[in-house]
Amino acid sequence: KQEVTQIPAALSVPEGENLVLNCSFTDSAIYNLQWFRQDPGKGLTSLLLIQSSQREQTSGRLNASLDKSSGRSTLYIAASQPGDSATYLCRRNNDMRFGAGTRLTVKP
Amino acid sequence: GAVVSQHPSRVICKSGTSVKIECRSLDFQATTMFWYRQFPKKSLMLMATSNEGSKATYEQGVEKDKFLINHASLTLSTLTVTSAHPEDSSFYICSGRVPPDTQYFGPGTRLTVL
């Protein structure tokens with residue numbers, strides 16, 4: 001069974017910290033990898049899409065990297081803010097399979 | 001970005017009734033739409049992929065006779081939960097795809113079956 005795993009499941013940090021969210025997959029044959037944000041009871045917002053030929057993508061305070069050889073992607077959030085509090089999901093777009101998400105809480 | 005709407009946003013129904021959820025792409029044409037369900041504090045599970053004008057492709061373990069999907073136009077897909085039971089209570093999310101890789105997600109529909 002192809003799995004997408006996200007670690008940690010939950011994370012609580014004080015405002016201003018830099019943090020890293022991890023996503024790993026059992027099958028390293030990646031088409032592309034996408035990170036989403038989901039606010040409670042809401043749909044998803046796409047944050048970053050990394051094509052299989054790319055190693056990373058950046059958008060503002062967010063940076064996502066993709067290492068196909070190890071089957072891992074990381075989402076780096078710089079200078080976290082309370083507005084960053086949400087669940088972050090990664091998805092492998094080969095099969096549209098999501099990880100379980102990391103619930104992030106940034107405390108003021 | 002493009003907008004996808006879902007209606008209703010919340011629905012409460014009695015066990016045994018059928019519930020229809022609409023997913024509309026408001027400003028783009030979605031040849032492919034996806035339906036997901038999400039349990040509390042769990043990830044999204046892909047239920048089915050629907051292409052306009054053809055039958056939906058269901059993921060393994062998803063009952064096609066229970067979750068009826070219709071994609072009659074490029075801007076509308078519907079999911080009907082037939083003879084709903086409490087275990088069908090969940091958060092249902094649709095998305096529309098703009099080739100090759102962009103998806104726009106609806107805000108979700110929370111279904112509660114009493």
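Above this note sits the structure.
Worth saying up front: this structure is predicted, and the values here are computed from it rather than measured.

A. Spotlight on the sheet that holds strand 8 (residues 72-77) of chain A. Residues and elements named next belong to chain A. Taking strand neighbours across the sheet as the criterion, the 5 strands line up as 1-3-8-7-6 in an open arrangement whose pairing is antiparallel. Since the sheet does not close on itself, it has two edges, and those belong to strand 1 (4-7) and strand 6 (56-59), each with one partner. Direction aside, neighbouring strands of the sheet carry axes that sit 15° apart on average. As judged from the 6 bridges shared by strand 3 (residues 19-25) and strand 8, these two strands associate in the antiparallel manner.

B. Representation of the nonpolar core within the structure. Core analysis: the biggest nonpolar cluster contains 23 residues, and Trp35(B), Phe67(B), Leu79(B), Tyr92(B) and Leu111(B) have the highest contact counts within it. Put simply, the parts of the chain that give this core at least two residues each are strand 2 (10-13), strand 3 (19-25), strand 4 (32-38), strand 5 (44-51), strand 7 (67-73), strand 8 (76-81), strand 9 (90-98) and strand 11 (109-113) of chain B. Among the elements that make up this core, the one with the highest residue count is strand 3 of chain B (3 residues). Counting residues in each nonpolar core, the second largest holds 20 residues, with Val4(A), Leu66(A), Leu75(A) and Ala86(A) among its members.

C. Region of interest: the interface of chain B and chain A. Contact residues are listed per partner, giving 17 residues for chain B and 19 residues for chain A. Across the interface of chain B and chain A, roughly 1300 Å² is buried in total on both sides, 52% from carbon and sulfur atoms. The largest contributions to the chain B side of the interface with chain A come from Ser43(B), Asp101(B) and Phe105(B), which together make up 40% of the buried area. Remark: the boundary between chain B and chain A carries 0 salt bridges. Looking at the side of chain B that touches chain A, the elements that each hand over two or more residues are strand 4, strand 5, strand 9 and strand 10 (102-105) of chain B. Here the side of chain B that touches chain A is composed, by residue class, of 8 nonpolar, 4 polar and 5 charged.

D. Seen up close, the state of the cysteines. All names here are of chain A. Under the definition given, this model contains 2 disulfides over all chains. Put simply, Cys 23 and Cys 90 are joined by a disulfide, and their sulfur atoms are 2.0 Å apart. Between Cys 23 and Cys 90, the S-S dihedral sits near 75°, and the bridge is therefore right-handed. Of the two residues, Cys 23 sits in strand 3 while Cys 90 sits in strand 9 (residues 86-92), which places them 67 residues apart along the sequence.

Conventions and cut-offs
- Residues numbered from 1 in each chain as written.
- Chains lettered and ligands numbered in written order.
- Predicted model: local features only at pLDDT ≥ 70, side-chain atom pairs only at ≥ 80, totals over all residues.
- Heavy atoms only, no water.
- Pairing = 2+ DSSP bridges.
- Helix = DSSP H or I, 4+ residues; strand = E, 2+ residues; numbered from the N terminus.
- Axes fitted to C-alpha atoms, helices over the stretch in contact; angles between N-to-C directions.
- Core = buried A, V, L, I, M, F, W, Y, C linked by side-chain atoms within 4.5 Å.
- Buried < 20%, exposed > 50% of the residue type's maximum accessible area, 1.4 Å probe, protein only.
- Contact = heavy atoms within 4.5 Å.
- Buried area = accessible area lost by both parts, 1.4 Å probe.
- Salt bridge = Lys/Arg side-chain N within 4 Å of Asp/Glu carboxyl O.
- Nonpolar A, V, L, I, M, F, W, Y, C, P; charged D, E, K, R; others polar.
- Disulfide = S-S within 2.5 Å.

By themselves, these are just geometric observations and shouldn't be taken as functional.
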